[in-house]
Amino acid sequence: MRVADIAHGRSGDKGDTCNVGIVAYDAAGYELLRRELTEERVAAHFGDLVRGTVTRYELPGILALNFVLTRALDGGGTQSLRSDHLGKTMYAWLLRMELPDAADVRRYPSGPPAEVA
C-alpha cells in the first residue's frame with residue numbers, strides 16, 4: 001500500500017522551505033497516516049532532497065497532515081537549478097511512500113467515488 005492509495009496531496013514553497021499537505025480520504029486512512037507518517041520517516045523518505053528539518057502538523061478536522069520541510073528546495077525559486085525549485089511536486093514523492101498493509105483501511109487507487117446527490 002502507498003500513501004496515494006488512501007490520500008491525496010498538495011505542495012508549494014516559501015523560499016527554500018517546502019510545505020507538503022497530505023489529506024486522507026477517510027478517518028481510518030487518517031489514523032494510519034498519523035501512525036506511519038512520522039517526521040523521521042518522512043525525512044528518511046525524502047533523503048538528501050531535504051537538508052533541514054521536517055515538522056509535522058496535524059489537522060484532524062480535515063483528516064490532514066501538513067509537513068514543513070526546511071532547506072528543501074536547494075535555495076528556492078530564484079537560486080535553485082532543480083527542475084522543481086518551487087516544490088510543486090514534492091507531494092507526489094510523498095504519495096509514493098510505502099505503508100504497511102492494513103486490512104481495516106479502505107484503498108482508493110483512483111480516488112474516492114463521486115458522491116451521489
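Rules and cut-offs
Residues numbered from 1 in each chain as written. Predicted model: local features only at pLDDT ≥ 70, side-chain atom pairs only at ≥ 80, totals over all residues. Heavy atoms only, no water. Phe/Tyr/Trp six-rings, centres within 6.5 Å; stacked < 30°, edge-to-face > 60°. Helix = DSSP H or I, 4+ residues; strand = E, 2+ residues; numbered from the N terminus. Buried < 20%, exposed > 50% of the residue type's maximum accessible area, 1.4 Å probe, protein only. Pairing = 2+ DSSP bridges. Axes fitted to C-alpha atoms, helices over the stretch in contact; angles between N-to-C directions. Contact = heavy atoms within 4.5 Å. Arc of directions from axis to C-beta. Polar contact = N/O pair within 3.5 Å; in protein donor to acceptor, adjacent residues only side chain to side chain.

**Structural notes on the packing of aromatic side chains**
Here the distance between the centres and the angle between the planes together describe a pair of aromatic rings. Across all of its chains, the model carries 1 aromatic pair by this definition. Look at tyrosine 25 and tyrosine 108: their rings are 5.2 Å apart centre to centre, the planes differ by 65 degrees, and that puts the pair in the edge-to-face class. Placement of tyrosine 25 in the loop between β2 (17–24) and α1 (27–36) and of tyrosine 108 in the segment after α3 (90–95) is noted, with a sequence separation of 83 residues between them. Relative accessible area serves as the criterion here: at 9%, tyrosine 108 is assigned to the buried category.

**With respect to the pairing of strand β1 (residues 7–14)**
Here 8 bridges tie β1 to β2, and the two strands are oriented antiparallel to one another. The partner of histidine 8 across the bridge, within β2, is valine 23. In sequence, β1 turns back onto β2 through a hairpin of 2 residues, with glycine 15 there showing a positive phi of about 65 degrees.

**Comments concerning the sheet that holds strand β3 (residues 54–59)**
Two orientations exist for strands paired in a sheet by backbone hydrogen bonds: parallel and antiparallel. Pairing is antiparallel in the open sheet, where 4 strands are placed in the order β1-β2-β4-β3. This sheet does not close on itself; its edge strands, each paired only once, are β1 and β3. Adjacent strand axes in the sheet meet at a mean angle of 15 degrees when their direction is disregarded. Here α1 sits on the sheet in contact with β1, β2, β3 and β4 (64–69), set at roughly 155 degrees to β3.

**With respect to α1**
Within α1, the full set of buried residues consists of Gly29, Tyr30, Leu32, Leu33 and Glu36. End-on view of α1: buried residues confined to an arc of 160 degrees, all on one side of the axis. Elements that come into contact with the buried residues of α1 comprise β1, β2, α2 (39–46), β3 and β4. Capping the start of α1, aspartate 26 holds a side-chain oxygen 3.3 Å from the backbone nitrogen of alanine 28, two or three residues further along.

**A look at the pairing of β2**
Where β2 and β4 come together, 6 bridges link them in antiparallel fashion. Each residue of the ladder has a partner; that of valine 20, found in β4, is phenylalanine 67.

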